[in-house]
Amino acid sequence: MANIAETRVKIILTDAMSRPLKGIQAEANRTTSAVGKLSQSMQSYAAIGAQIAAGAVGFTSVANAFSQMVSAGAKFNMAMETNAIGMSGVLTSMTTLNGKTLEWNQAMSISQGIIKSLNNDALKTAATSEELVDTFRALLGPGLGSGMNIEQIQKLTTVGVNAVKSLGLNGPQLIQELRDLVQGGIRPASSTLATALGLTDADIKAAKTSSEGLYSFLMERLNGFDRAAKETPKTL
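Because the structure is predicted, anything quoted here is derived from the model rather than measured.

Draft legend 1. Expanded view of the pattern of salt bridges. Scanning the model with the defined rule gives 1 salt bridge in all. We note a salt bridge from glutamate 131 to lysine 165, for which the minimum N-O separation is 3.2 Å. Of the two residues, glutamate 131 sits in helix H3 (residues 129–145) while lysine 165 sits in helix H4 (residues 150–166), which places them 34 residues apart along the sequence.

Draft legend 2. Fine view of the environment of glutamate 212. Relative to the elements of secondary structure, glutamate 212 occurs in the loop between helix H7 (201–209) and helix H8 (213–221). Take glutamate 212: its relative accessible area is 40%, and that puts it in the partly exposed class. Setting aside chain neighbours within four positions, we find glutamate 212 in contact with Phe217 and Glu220.

Draft legend 3. Looking closely at helix H2 (residues 104–124). Here H2 spans 31 Å end to end across 21 residues, near enough to the 30 Å set by a 1.5 Å rise per residue. Among all positions in H2, only Ala107, Met108, Ser111, Ile114, Ile115, Leu118, Asp121 and Ala122 are buried. The buried residues of H2 all sit within an arc of 135° when viewed along its axis, so they share a single face. For H2, exposure combined with an orientation more than 90 degrees from the buried face picks out Asn105, Lys116, Leu123 and Lys124.

Draft legend 4. Region of the structure containing the side chain of aspartate 180. Within the element layout of this structure, aspartate 180 appears in helix H5 (residues 172–183). Buried within the structure, aspartate 180 lacks any salt-bridge partner; arginine 187 is the closest side chain of opposite charge, at an N-O distance of 6.0 Å. Engagement of the side chain of aspartate 180 in a polar contact is seen with the side chain of glutamine 176, the distance being 2.8 Å. Contact partners of aspartate 180, with chain neighbours within four places excluded, come to Gly185, Ile186, Ser191 and Ile204.

Draft legend 5. Spatial organisation of the environment of threonine 157. Within the secondary structure, threonine 157 sits in helix H4. Relative accessible area serves as the criterion here: at 0%, threonine 157 is assigned to the buried category. Between the alpha carbons of threonine 157 and leucine 140 there is a distance of 9.5 Å; along the sequence they are 17 residues apart. Setting aside anything within four residues of it in sequence, one finds threonine 157 in contact with Leu132, Thr135, Phe136, Leu139 and Leu178. Within the structure, threonine 157 has its side chain in polar contact with the backbone oxygen of isoleucine 153 (distance 2.7 Å).

About the thresholds
Residues numbered from 1 in each chain as written. Predicted model: local features only at pLDDT ≥ 70, side-chain atom pairs only at ≥ 80, totals over all residues. Heavy atoms only, no water. Salt bridge = Lys/Arg side-chain N within 4 Å of Asp/Glu carboxyl O. Helix = DSSP H or I, 4+ residues; strand = E, 2+ residues; numbered from the N terminus. Buried < 20%, exposed > 50% of the residue type's maximum accessible area, 1.4 Å probe, protein only. Contact = heavy atoms within 4.5 Å. Expected span 1.5 Å × (residues − 1). Arc of directions from axis to C-beta. Lys, Arg positive; Asp, Glu negative; His and termini not counted. Polar contact = N/O pair within 3.5 Å; in protein donor to acceptor, adjacent residues only side chain to side chain.

Okay, here's the thing in structure tokens:
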């Protein structure tokens, strides 16, 4: 009988203790589940954050590229405007229209038309707009002084710049090389194009006083380069 009573007491105690333990176990299970869900949520938030960050980086890259494009365009327009003003200064000083000195607005209109034509030439040759416009502005005064008209100076600029570039020269050398052809000052060490054409200062001086004029003389010598300038874009 004692054993039976003892057994009953143990069973009762066990049952009494199991209910709280089961409650603790259930609470622990709920806590584990909540922690798991929280972990998944944190991972989702991290993924979303990473996507947002990637999007922000992408947007920043696009914004920077757009900003650089706008900045380059603004610089180009400013350079073209500066060149137009420089050309207008030469035109009002050295040219006339109907026997009268050009008005500033007239000179600016002519200059802007020249720049537009040179930009079109740049699309057809290996030279850039900046190279052609900068060189034309530098040659305008010497060219007018040598008896050339604006159209001839433009043609000489386009052919000449492409000729100099075909010899591997760029930058300030474009202006220097062509200025040597128009106003003289040819030196074998620095006048690469003139030397390649076999020209000397005496040839330039004689051409200026000849019946054909300097423009025709130079364009005849540059004839091969003129053809090369037209063919170059076909290879790009």
